[in-house]
Amino acid sequence: MRGSHLAVIVGGCAVIAAAGFAAAPPLHPVRQGADPEPGTSATPGPSSTSASGGQTFDGPAVENPRGVYQAQITVVDGVVTDVVALQAGTSAPESVRVNDMAIPLFKERVLEAQSADVEAVSGASFTSPAFLESLQGAFEDAGL
Amino acid sequence: MTTQHKARLRAMAMAFDVTLDGFSSEVAARSAIDGFHNELLRADDLFSLHRPDTPMARLANGQATLADVPREVIEVLELCEHYRVATGGAFDAQRPDGVIDPTGIVKTWAVVRATKRLGGVPSWLVAASGDIVAHGGERRVGIADPRVKGDPAGSKVLDVVALGGEFAAVATSGSAQVADHIWDPVTGKPARHFLQASVAGQDLVECDAWATAICAGGGPVVEMAVAAGLEVLIVAGERSEGGFEAVSSAGWPSASL
């Protein structure tokens, strides 16, 4: 199977020049941890009364390498009526063109989203543990 | 006659889908799934940073030292250090406040540990919230469209890989779910090198660590991953005329869509 597939090759760029790698910036031993913006790392919040007459409970701001997450729930008569993310990451991402990376022996491809018969799908983790931990904290504060 | 057994398990505030094939006994399948689940729940008890009583939480807040924590905690911290060195610093579990937060690797570490409970199962597949590992015969696994939010199961996919044969595992990291959740170790700013990086190999933890590292460190880390024997698919950006620009390493295990 290995290497037996034919990728969609774009133009003549099947092999990208090797020179770029040496010119890439060196990696410095700087950490890759969460780096919340000032003022975003709220502590577990006190409950307050929302416009709808329910009470809101802020979960603790939970930080992991993916950022800071904070959940807020609204409770009306002991029933959760709303869950919102007060914090879930920072700003929107920007895509970077593949031309910026110069890696030898890679196949440049154009991929289209297509239906396929698969048993599972690999993607970025679709539940944030930190968000759900914050949510759990809000539930505990609400006594639910 | 054998039947397929499927279960959706919850642990670490995530969903884990287990598929077992080749088992004739319902009781044996149930036992294997329970054993698998118990191992995942054990990871919650050891590593949750929200619950103040877990060994990892006590270590993080200074109430415990390395001498006080179970060996599994040491094992995970050593794994974090191993991949920090291997990726040239691109994978780094240390937060700015100096606390080691191994959240990024605990999920796949726990899955790999739990799959040892599936030793008697002829063929299985575990889908751990986007990271997939399989054993005992090839299974087709899709690579998510990075625009898809939430569980990508059932959505259109960009590529299909075969797992359970030459390759056991694939992990994907990217900005699909939470924008800017990975930091570039060089610039100290949110990493925006790629939309998505998928890594295929034999060990799910290794694939997971490298996928995260590639999103954090960009092109040079892709090169290091391939040198480490892994296969990589990078989704670099959306094209204005439709589709995505991508690159794959020479041995990326694409199967036909």
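Look up a bit, the structure's there.
Description of the structure in this document. Everything quoted here is computed from the prediction, not taken from an experiment.

### Brief notes about the pairing of strand E10 (residues 244–249) of chain B
1) Next: Extensive coverage of E10 of chain B is indicated by the burial of six of its six residues.
2) Next: Of the two faces of E10 of chain B, the one holding Phe244, Ala246 and Ser248 of chain B and the one holding Glu245, Val247 and Ser249 of chain B are both buried throughout.
3) Next: For strand E6 (residues 106–111) of chain A and E10 of chain B, the ladder comprises six bridges, and the chain directions are antiparallel. Within E10 of chain B, the position partnered with Glu108 of chain A by the bridge is Val247 of chain B.
4) Next: Bridge count for strand E9 (residues 231–238) of chain B against E10 of chain B is five bridges, and the pairing is antiparallel. Paired with Ile234 of chain B across the bridge in E10 of chain B is Val247 of chain B.
5) Next: In this structure, the hairpin formed by E9 of chain B and E10 of chain B is closed by a connection of five residues, where Gly242 of chain B is found at a positive phi of approximately 110 degrees.

### Concerning the packing of helix H1 (residues 26–47) of chain B against helix H4 (residues 103–115) of chain B
Residues and elements named next belong to chain B.
1) Next: The contact between H1 and H4 brings their axes to 8 Å, and the two run at 145 degrees. Note that H1 runs across H4; the crossing there is right-handed. Along the contact surface, H1 presents Phe36, Glu39, Leu40, Ala43 and Phe47, while H4 presents Val106, Ala110, Arg113 and Ala114.
2) Next: In terms of residue class, the contact of H1 with H4 is made up of seven nonpolar, no polar and two charged.

### Describing the sheet that holds strand E7 (residues 169–174) of chain B
1) Next: Overall, antiparallel pairing links the nine strands, which are arranged E6(A)-E10(B)-E9(B)-E8(B)-E7(B)-E4(B)-E3(B)-E2(B)-E1(B) in an open sheet. A strand with exactly one partner marks an edge of an open sheet, and here the two such strands are E6 of chain A together with strand E1 (3–11) of chain B. Pairs of neighbouring strands in the sheet enclose a mean axial angle of 15 degrees, with direction left out of account.
2) Next: In the sheet, strand E4 (residues 131–135) of chain B pairs with E7 of chain B via two bridges, with the strands oriented antiparallel. The partner of Val133 of chain B across the bridge, within E7 of chain B, is Ala169 of chain B.
3) Next: On the sheet, helix H5 (residues 204–217) of chain B packs against E4, E7, strand E8 (196–201) and E9 of chain B and is oriented at approximately 25 degrees with respect to E7 of chain B.
4) Next: Along the sheet face, helix H6 (residues 219–227) of chain B touches E8, E9 and E10 of chain B and points at about 160 degrees away from the line of E9 of chain B.

### Side note on H6 of chain B
Residue and element names in this part refer to chain B.
1) Next: Taking burial as the measure, the nine residues of H6 include seven buried ones, the bulk of the element.
2) Next: Within H6, burial applies to Gly219, Pro220, Val221, Val222, Glu223, Ala225 and Val226.
3) Next: A positive phi of about 95 degrees marks Gly229, the residue just after H6.

About the criteria used
- Residues numbered from 1 in each chain as written.
- Chains lettered and ligands numbered in written order.
- Predicted model: local features only at pLDDT ≥ 70, side-chain atom pairs only at ≥ 80, totals over all residues.
- Buried ≥ 20, exposed ≤ 12 C-beta atoms within 10 Å, placed from the backbone.
- Helix = DSSP H or I, 4+ residues; strand = E, 2+ residues; numbered from the N terminus.
- Pairing = 2+ DSSP bridges.
- Axes fitted to C-alpha atoms, helices over the stretch in contact; angles between N-to-C directions.
- Left-handed = near helix turned anticlockwise from the far one by under 90°.
- Contact = placed C-beta atoms within 7 Å.
- Nonpolar A, V, L, I, M, F, W, Y, C, P; charged D, E, K, R; others polar.

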